[in-house]
Amino acid sequence: MLSTNKEIWVFLSHSNEDYEKVRIVRNLLEEMHFRPIMFYLLCLNDEEEVSDLIKREIDARTRFILCDSENAKKSKWVQTEVNYIKRNRRKFQTIDLSKSEEEIALSLKEFKEQVNVFISSPESLAKMATELYERLDLYDLFVECNVISEDNTRDLINVVMRTSQSEKGLLVFLYDDTCSENCKEYLREVVAMGRTILPVNFSKEKDVEIEEILSEGDVIYLDNKVPSVDDIMKLVLDKLFDHKSIHVFANNFRNGKDKNDKEADLCWDVYETKAWNSDAPYARVSLAREYRYGGITKKDLKKAYYCLQYAVYGEHLTHYERDLKELQSLIEEEKSGDKKIEENDVKD
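Residues numbered from 1 in each chain as written. Predicted model: local features only at pLDDT ≥ 70, side-chain atom pairs only at ≥ 80, totals over all residues. Heavy atoms only, no water.

## Structural notes on helix α11 (residues 243–255)
Step number 1: Here α11 is 13 residues long and its end C-alpha atoms lie 18 Å apart, about the 18 Å a rise of 1.5 Å per residue gives.
Step number 2: N-capping of α11 is provided by Asp 242, with a side-chain oxygen placed 3.1 Å from the backbone N of Lys 244. (Helix = DSSP H or I, 4+ residues; strand = E, 2+ residues; numbered from the N terminus. Expected span 1.5 Å × (residues − 1). Polar contact = N/O pair within 3.5 Å; in protein donor to acceptor, adjacent residues only side chain to side chain.)

## With respect to the layout of surface pockets
A probe matching the size of a water molecule, rolled over the atoms, marks out where space remains unfilled.
Step number 1: Volume-wise, the largest pocket comes out at about 700 Å³.
Step number 2: Taken together, 21 residues line the largest pocket, and the ones lying closest to its centre are Leu 138, Asp 140, Val 248, Phe 249 and Asn 252.
Step number 3: No other element matches α11, which puts six residues into the lining of the largest pocket. (1 Å grid on protein atoms, 1.4 Å probe; cavity = no way out; pocket = protein on both sides within 12 Å on 5 of 7 lines; lining within 4 Å. Points joined across faces, edges and corners; volume = space filled by probe spheres on them.)

## Quick word on the environment of Pro 199
Step number 1: Relative to the elements of secondary structure, Pro 199 occurs in strand β9 (residues 196–201).
Step number 2: Residues Pro 199 and Ile 232 lie 33 residues apart in sequence; the distance between their C-alpha atoms is 9.8 Å.
Step number 3: Look past the residues within four positions of Pro 199 in its chain and what remains in contact with it is Phe 173, Tyr 175, Leu 214, Val 219, Ile 220 and Tyr 221. (Contact = heavy atoms within 4.5 Å.)

## A short note on the sheet that holds β9
Step number 1: As summarised here, the arrangement of the six strands in space is β1-β7-β6-β8-β9-β10, forming an open sheet in which the pairing is mixed. Two strands bound the open sheet, and with one partner strand each, they are β1 (2–3) and β10 (218–219).
Step number 2: Bridge analysis of β9 against β10 gives two bridges, and the strand direction is parallel. What sits directly across from Thr 196, in β10, is Asp 218.
Step number 3: Taken strand by strand, helix α6 (residues 126–136) contacts β1, β6 (116–122), β7 (142–148) and β8 (170–175), and its axis lies near 165 degrees from that of β6. (Pairing = 2+ DSSP bridges. Axes fitted to C-alpha atoms, helices over the stretch in contact; angles between N-to-C directions.)

In structure tokens, the structure reads:
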């Protein structure tokens, strides 16, 4: 069994007046291997500077918790954080601080379910399962990988049953023609316990029994007939992260200290689709900015213009009309430059 050994950052939006209750939340999160971000901006007096710092911190994170209370509702800064998170359609969990410690702990377990990914496969697909594990482990996810054999099936089922209440999440179930009765028994137990399942079929023909088992569960499917690890990765990321979080990963992989162009390209593909289809009001504007200036993807002024044109006329964000005109001028300059190069080539 392969299992993640890391901590995941989580942004805690909270009121200073609730420090004692928030400390309980912090301690519980740390026990679950999260790293809560709690900071107090006593050194800053400029409200615009504080607001900008908060927004940049939120933009750099992928997981958020609102510690909700009467104090939080009255706090200007908590409401600034929450409104910014909501406006950008970020996913977040609300913890009611008026609840008991036991109820708070239960809510945090539900929060952890959002970052749990389990991978299982027969021995014939162990290599792919391991590659998938190693790549998903690069993200803000707790990942576990199990290869099902004749010898360990009962042990795995016992583990699933023992942890079913606290370790729900997404199961990526790889299978092929070698899928044994042990694999099917494991799948039945997982379906009964309520995990969301992403089945990945490498069989030459459909297995009717597996299809019947899956019909009883919460299942998401791949469209590809012969899926690759990239295909699986894209669906998992699309399922578990919002478009802004995918952008955070793409930027970190492209420009951060641990550069990884393969993952940056994959994240960009996911982000491009999610941003374009998002109902967040400035998603197309952000996409246009990436196409105009590059940084994560190659510059493409025509795509930048198309995205911004949709934002201006389709979403009525008319204050970007000047930017749209600038892009049009840049495109014309680019065409003129290309034409001159072609003429010089002909002369040579």
